[in-house]
Amino acid sequence: GRGDLGKVRYAAARVGCDAVLVYARATRVYTYRNGLANLYPTLIGLALPGNERIVVSRVEGAIVDVRTGHVFCVAQGEARVDESSSPLFGSSEDERQSVEEAETDAALNMTKDLARELAQLEASGRIKDRPQGASK
């Protein structure tokens, strides 16, 4: 769907958040047949990995100040999963698992990028790890 940053900030303020992570994810699945698919008419050809699948996922996120709407930092992560299968041994469950793997890896890569960005902000003194007066 379509997000509304103003409504997200308002909801975050209602529960007492100082900042909110807003992110979007996009995943594409490309399928095609390679040269081994030419042997499908033969009995042995049906067992060869002639079907190719590429799953590409991208996740982008931003940490936004709830009160002002200031964007503290942005991060992104990408992942790609390549698979080959045969008509006899491939299934739609394999595609679902590939999509989940790519999306999980992309989200993990985004969190690593986000951790680097936040560490740089903290090192420069633009944000603090803990608010003043918070208990340890």
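Every chain is numbered independently, its residues counted from 1 as its sequence is written. A pLDDT threshold of at least 70 governs which residues receive local features in this predicted model, and a stricter bar of 80 or more applies before side-chain atom pairs are shown or counted, although totals over entire chains, interfaces and linings include all residues. With hydrogens and water set aside, each side-chain value is computed from the structure's full complement of heavy atoms.

Peer 1: Explanation requested: the sheet that holds strand S3 (residues 71–85) in the structure shown.
Peer 2: Remark on secondary structure: sheet strands pair via backbone hydrogen bonds, oriented parallel or antiparallel. Should DSSP find at least two bridges between two strands, the strands are taken to pair. Each helix is a run of DSSP H or I of at least 4 residues and each strand a run of E of at least 2, with the numbering of both proceeding from the N terminus. Across the sheet, which stays open at both edges, the 3 strands sit in the order S1-S2-S3 with antiparallel pairing between neighbours. Bordering the open sheet on either side are strand S1 (19–33) and S3, each of which pairs with just one other strand. Going from strand to strand, the sheet's axes swing by 10 degrees on average, the running direction of each strand aside. In terms of strand pairing, strand S2 (residues 51–65) meets S3 through 14 bridges, oriented antiparallel. Bridge pairing in S3 links valine 55 to valine 81. Along the sheet, helix H1 (residues 5–14) contacts S1 and S2; its crossing angle with S1, the most-contacted strand, is approximately 130 degrees. To get an axis, a line is fitted to the C-alpha atoms, and for a helix only the part in contact is used. The angle between two axes follows their N-to-C directions and goes from 0 to 180 degrees. Here a residue-residue contact requires only that any non-hydrogen atoms of the pair lie within 4.5 Å.

Peer 1: Help me understand the environment of valine 55, please; the structure alone is not making it clear to me.
Peer 2: Structurally, valine 55 is set in strand S2. For the pair valine 55 and arginine 28, spaced 27 residues apart in the sequence, the C-alpha separation amounts to 5.8 Å. Among all residues touching valine 55, those that are not within four sequence positions of it are Thr27, Arg28, Val29, Ala79, Arg80, Val81, Ser98, Val99 and Ala102.

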